[in-house]
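Chain and residue survey
Now for the letters of each chain:
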Amino acid sequence: MTLEECTLRPYNSEALNFCSPFDCGHKDLNDFFANDSIDYSNQLLGKTYCFTANEDPKLVVAAFTVANDSIKTTHLPNARKQKVNKLIPNVKRMRSYPAVLIGRLGVNSEFSRNGLGSEVMDFIKAWFIHDQNKTGCRYIVVDAYNEKRPLDYYIKNGFIYLFNDENQEREFLLIPDEAPLKSRLMFFDLIVLRN
Ligand SMILES: CC(C)(COP(=O)(O)OP(=O)(O)OC[C@H]1O[C@@H](n2cnc3c(N)ncnc32)[C@H](O)[C@@H]1OP(=O)(O)O)[C@@H](O)C(=O)NCCC(=O)NCCS
């Protein structure tokens, strides 16, 4: 299966009622797509889309949720601020850069490790650098589950950590030292695709 064999559609109540239950192998994400995504959309907090298989339109192959976000450099340590600013001309540096948040993303576990997740990511990247995108959007940000599979996936797709290491992330997010870090903030600079 490749994305070429799929159709993008809003994951709205019509799609939810029509399609078979979606399973990406992650309970929280499955619950979100099945039970919460429509409320998020109604509240204008995140829009969820899915790719369905052309040969079986009830089959959801992948789903993702996107929302507006930003990277605020005032909330970053100096070295990380430089990393974010690196490709931005001096005169255009700002305290806060426009970004899109991938709030949720999952690939049907039937098709995992087949390159579909990376195809979905390429699709999202292309969407937000497209001339018809209505707003400026410099970065893609994610708060990825602090687990090997998603972290490897985002790294493979060109994302880097917003903070140097877990301790720095805890310190800046005011998370106590002993608390487990459930997720890691990562970003991708879309400018590399415009050059
Ligand atoms: C993470 C996820 C989206 C990856 O989708 P996918 O279609 O399997 O991704 P790809 O086939 O494009 O794999 C790209 C890279 O991701 C990493 N990856 C994917 N599955 C992995 C696994 N089971 N273990 C370790 N790394 C994995 C690898 O680096 C892989 O590259 P490689 O195969 O060349 O080594 C999918 O596994 C998923 O939906 N997981 C559950 C939900 C989730 O964790 N979402 C992201 C958190 S917000």
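Structure shown above.
Residues numbered from 1 in each chain as written. Predicted model: local features only at pLDDT ≥ 70, side-chain atom pairs only at ≥ 80, totals over all residues. Heavy atoms only, no water.

**Regarding the environment of Val141**
Among the structural elements, Val141 can be located in strand β5 (residues 139-145). When the C-alpha positions of Val141 and Pro98 are compared, they lie 10 Å apart, and in sequence the two are 43 residues distant. Setting aside its immediate chain neighbours within four residues, Val141 contacts Asp69, Ile71, Ala99, Val100, Leu101, Ile102, Met186 and Phe187. (Helix = DSSP H or I, 4+ residues; strand = E, 2+ residues; numbered from the N terminus. Contact = heavy atoms within 4.5 Å.)

**Here we look at the site of the ligand**
Around the ligand there are 20 residues in total, and Arg113, Gly115, Gly117, Ser118 and Lys156 lie nearest to it. At a separation of 2.6 Å, an oxygen atom of the ligand approaches a polar side-chain atom of Ser118. Within the side chain of Arg149, an N or O atom sits 3.2 Å from an oxygen atom of the ligand. At a threshold of 2 Å from the grid points, most atoms of the ligand map onto the largest pocket. Counting residues per element, the ones that place at least two in the shell around the ligand are β4 (96-107), α4 (116-129) and α5 (148-156). Broken down by element, the residue count for the shell around the ligand peaks at 6 residues, all from α5. (Near = heavy atom within 4 Å. Polar contact = N/O pair within 3.5 Å; in protein donor to acceptor, adjacent residues only side chain to side chain. 1 Å grid on protein atoms, 1.4 Å probe; cavity = no way out; pocket = protein on both sides within 12 Å on 5 of 7 lines; lining within 4 Å. Sits in = over half its atoms within 2 Å of the grid points.)

**Section: the pattern of salt bridges**
For the structure on display, the rule yields 6 salt bridges. Between Lys148 and Asp152 there is a salt bridge, and its shortest N-O distance comes to 2.5 Å. One end of the pair, Lys148, and the other, Asp152, are both in helix α5, 4 residues apart, so they sit about a helical turn from each other. Classification of Lys148 as exposed rests on a relative accessible area of 63%. On the basis of relative accessibility, which here comes to 36%, the residue Asp152 falls in the partly exposed class. In this structure, Glu169 engages Arg184 in a salt bridge whose closest nitrogen and oxygen atoms are separated by 2.8 Å. A residue pair is termed long-range when its members are at least 10 positions apart, and Glu169 in helix α6 (residues 166-173) and Arg184 in strand β7 (residues 183-189) qualify at 15 residues. For the residue pair Glu169 and Arg184, the accessibility class agrees, reading buried in each case. (Salt bridge = Lys/Arg side-chain N within 4 Å of Asp/Glu carboxyl O. Buried < 20%, exposed > 50% of the residue type's maximum accessible area, 1.4 Å probe, protein only.)

**What to know about the pairing of β4**
Pairing of strand β3 (residues 56-72) with β4 involves 11 bridges; the strand directions are antiparallel. Bridge pairing links Phe64 to Leu105 in β4. Across 4 bridges, β4 lies against β5 in parallel orientation. When the sheet's bridge partners are listed, Ala99 is paired in β5 with Tyr139. Taken together, β4, α4 and β5 form a β-α-β motif whose crossover is right-handed. (Pairing = 2+ DSSP bridges. Right-handed = clockwise from strand over helix to strand, strands pointing away.)

**Quick look at the packing of aromatic side chains**
Applying the stated criterion across every chain, the model contains 18 aromatic pairs. Summarising the aromatic geometry, the rings of Phe51 and Phe64 are spaced 6.4 Å apart at their centres and angled 35° between planes, so their arrangement reads as tilted. Of this pair, Phe51 sits in strand β2 (residues 47-53) while Phe64 sits in strand β3, placing them 13 residues apart in sequence. With respect to burial, Phe51 and Phe64 carry one shared label: buried. Ring centres of Phe51 and Phe123 lie 5.2 Å apart, and the angle between their planes is 85°; on these two criteria the pair is classed as edge-to-face. In this pair, Phe51 sits in strand β2 while Phe123 sits in helix α4, placing the two residues 72 residues apart along the sequence. The class of Phe123 is partly exposed, set by a relative accessible area of 23%. Members of the aromatic cluster, connected to one another through ring pairs, are Tyr49, Phe51, Phe64, Phe123, Trp127 and Phe128. Across from the ring centre of Phe32, 4.0 Å away, lies the NZ or CZ of Arg104, which sits over that ring. (Phe/Tyr/Trp six-rings, centres within 6.5 Å; stacked < 30°, edge-to-face > 60°. Lys NZ or Arg CZ within 6 Å of the ring centre and 35° of its normal.)

**With respect to a negative patch on the surface**
Together, Glu4, Glu5, Glu55 and Asp56 give the surface a local cluster of negative charge. Tracing the backbone through its elements, the reader meets Glu55 in the loop between β2 and β3. (Patch = residues over 30% accessible without salt bridge, like charges linked within 9 Å, V, L, I, M, F, W, Y side chains within 5 Å. Areas by Shrake-Rupley, 256 points an atom, 1.4 Å probe, with all protein chains shown as cover. Lys, Arg positive; Asp, Glu negative; His and termini not counted. Charge placed at Lys NZ, Arg CZ, Asp CG, Glu CD.)

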